Amino acid sequence: LAGTMVLSGIIAFYGTREIVFAGSNQPMSFAAFFRTFASTLRNRPFRIKLLSFAFLVFAWALHQPLTLYVYRDWLAMEEHIPTIMTLFFLSMMLSLGIWGRLAGRIGKNRAFQFCLAWSVAILLLFPFMRADMPYQWFYVFIVFIGLGAGGYALPASIVADIIDYDELQTGQRREGAFFGFWTLIMKMMGALAIAAVGFGLDAIGYQPNRQQTGATLVGLKILYGPVPACFLLLSLLIFL
């Protein structure tokens, strides 16, 4: 994987022709760099999208690692985990085209709102599922989760429109500053969510490599479903 990443980076670097925009030949300094970086936050649509995306990333990074714990410790379906993950990724890949077509029909903003609402509804249903249900129901659940996750590609496409709006307002092309800030927030929120998973498991009394108590299993279901749903709902409200 490391070799592939290095090779693809080299190909992208030497295979890309720079387009010189008007005004891009101004001298650069560290002060100018940080000034440009911070100026992205003066763009109101970007502030809204950035904050909404931050809660989306936090919710997703909170939900995803708990899949192993839920299917192993609560459902005793450890042997099904490879199938579960395969179904998730296949449904997510399939849904990319679906969300793209929906965005083309009703607009990116409304498609993203519908995507968030879909994910919130599915995650809130999870606590009502029972361990004695046929395992096929959990296959259906993970497919529905994957169908919603494909729509999480829409925010980056919306930011591309925001960059065009910024150029209209300022006369400058600043993709690097916008996507640099975007990536920084994504990594920060992902790291915070991973830490929150650890604290959450401690809070519900999770004990590794042991039979979990009934209260711990209930807590695990809440951490896996309603808690990420709350952050996704917050993301939706901000975006609205």
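## Remarks on a nonpolar patch on the surface
Taken together, V6, I10, F13 and Y14 make up a surface patch of nonpolar side chains, about 500 Å² in accessible area. By the element assignment, F13 lies in helix α1 (residues 2-14). A relative accessible area of 60% means that F13 is categorised as exposed.

## What about the packing of aromatic side chains?
Inspection of every chain in the model, using the stated rule, returns 19 aromatic pairs. Relative to Y206, the ring of Y69 has its centre 5.3 Å away and its plane inclined at 85°; by these criteria the two rings are edge-to-face. With Y69 in helix α4 (residues 66-74) and Y206 in the loop between α9 (175-203) and α10 (214-224), the pair connects residues that are 137 residues apart, well separated along the chain. Taking the relative accessible area as the measure of exposure, Y69 reaches 22% and is therefore partly exposed. The buried category is assigned to Y206, whose relative accessible area is 9%. On the numbers, 5.6 Å between centres and 70° between planes, the contact of W74 with F126 is edge-to-face. Residue W74 is located in helix α4, and its partner F126 is located in the loop between α6 (108-125) and α7 (135-149); the two are separated by 52 residues in the primary sequence. By the burial criterion, W74 is buried, and F126 matches it. Pairwise contacts between aromatic rings join Y71, W74, F126, F138, F141 and Y224 into one cluster.

## Quick look at the packing of helix α8 (residues 154-170) against α9
It is at 10 Å that the axes of α8 and α9 come closest, and there the two elements cross at 145°. Considering only the axes of α8 and α9, their crossing is right-handed. Counted together, P155, A156, V159, A160, I163 and D166 of α8 and E175, F178, F179 and W182 of α9 form the full contact between these two elements. Of the residues assigned to the contact of α8 with α9, the class counts are eight nonpolar, no polar and two charged.

## Remarks on α4
Every buried residue of α4 is accounted for by L66, T67, V70, Y71, D73 and W74. In the core, the buried residues of α4 are packed alongside α3 (44-63), α5 (81-106), α7, α9 and α10. At the exit of α4 stands A76, carrying a positive phi of roughly 50°.

## Let's talk about the nonpolar core
With 62 residues, the main nonpolar core has Y71 and F138 as its most contacted residues. If one sorts the elements of this core by residue count, α3 sits on top with 10 residues. Setting aside residues no more than four positions away along its own chain, Y71 makes contact with A76, M77, E78, I81, I84, F138, F141, I142 and Y224.

## Some details on the environment of S235
Tracing the backbone through its elements, the reader meets S235 in helix α11 (residues 226-239). Overall, the relative accessible area of 0% leaves S235 in the buried class. With 182 residues separating them in the primary sequence, S235 and F53 have C-alpha atoms 6.7 Å apart. Those residues in contact with S235, other than ones at most four positions away along the chain, are S52, F55, L56 and L116.

## Points about the side chain of N43
Looking at the secondary structure, you find N43 in the loop between α2 (30-39) and α3. Residues within four places of N43 in sequence aside, it is in contact with I162, Y165, D166 and F178.

## As for the pattern of salt bridges
Evaluation of the coordinates by the stated rule reveals seven salt bridges. In this structure, D132 and R130 form a salt bridge, with 3.0 Å as the shortest nitrogen-oxygen distance. When its relative accessible area of 60% is taken as the criterion, D132 is described as exposed. Taking relative accessible area as the criterion, R130 reaches 48% and is therefore assigned partly exposed. For E175, the salt bridge identified is with R173, shortest N-O distance 2.7 Å. Taking the relative accessible area as the measure of exposure, E175 reaches 29% and is therefore partly exposed. A single salt-bridge network, built from bridges that share partners, covers D164, E167, R173 and E175.

## Concerning unusual backbone geometry
Unlike most non-glycine residues, A76 shows phi in positive territory, near 50°. Among the structural elements, A76 can be located in the loop between α4 and α5. One non-glycine residue, N209, lies in the positive phi region at around 60°. Along the chain, the position of N209 falls in the loop between α9 and α10.

What counts as what
One numbering rule holds for all chains: residues counted from 1, following each sequence as written. Per-residue local features of the predicted model are confined to residues with pLDDT of at least 70, and side-chain atom pairs are confined, for both listing and counting, to 80 or more; whole-chain, interface and lining totals are unaffected and use all residues. Side-chain measures here rest on the full set of heavy atoms in the structure, leaving out hydrogens and waters. Patch construction takes residues with relative accessible area above 30% that form no salt bridge. Like charges are linked within 9 Å, and nonpolar side chains (Val, Leu, Ile, Met, Phe, Trp, Tyr) are linked within 5 Å. Using a 1.4 Å probe, accessible areas were evaluated by the Shrake-Rupley method; residue-level cover was limited to the displayed protein chains. One side-chain nitrogen of Lys or Arg within 4 Å of one carboxyl oxygen of Asp or Glu is enough to make a salt bridge. Secondary structure counts use DSSP, requiring at least four H or I residues in a row for a helix and at least two E residues in a row for a strand, with both numbered from the N terminus. Accessibility here uses a 1.4 Å probe with only protein chains present; expressed as a share of the type maximum, an area under 20% marks a residue as buried, one over 50% as exposed, and anything in between as partly exposed. Whether two aromatic rings pair depends on their centres lying within 6.5 Å, for rings of Phe, Tyr and Trp, where Trp uses its six-membered ring; planes under 30 degrees apart make the pair stacked, over 60 edge-to-face, and the rest tilted. Axes, fitted as lines to C-alpha atoms, cover a helix only where it is in contact. Angles between the N-to-C directions of the axes lie from 0 to 180 degrees. Crossings are sorted by hand: turned counterclockwise from the far helix by less than a right angle, the near helix makes the crossing left-handed, and turned clockwise it makes it right-handed. Here, two residues are considered to be in contact whenever any of their heavy atoms come within 4.5 Å of each other. Each residue gets one label: Ala, Val, Leu, Ile, Met, Phe, Trp, Tyr, Cys and Pro are nonpolar, Asp, Glu, Lys and Arg are charged, and the others, such as Gly, are polar. Only buried Ala, Val, Leu, Ile, Met, Phe, Trp, Tyr and Cys residues count toward a nonpolar core, and they belong to the same one when joined by side-chain atoms within 4.5 Å.

Read these as layout, nothing more, since geometry by itself doesn't imply function.
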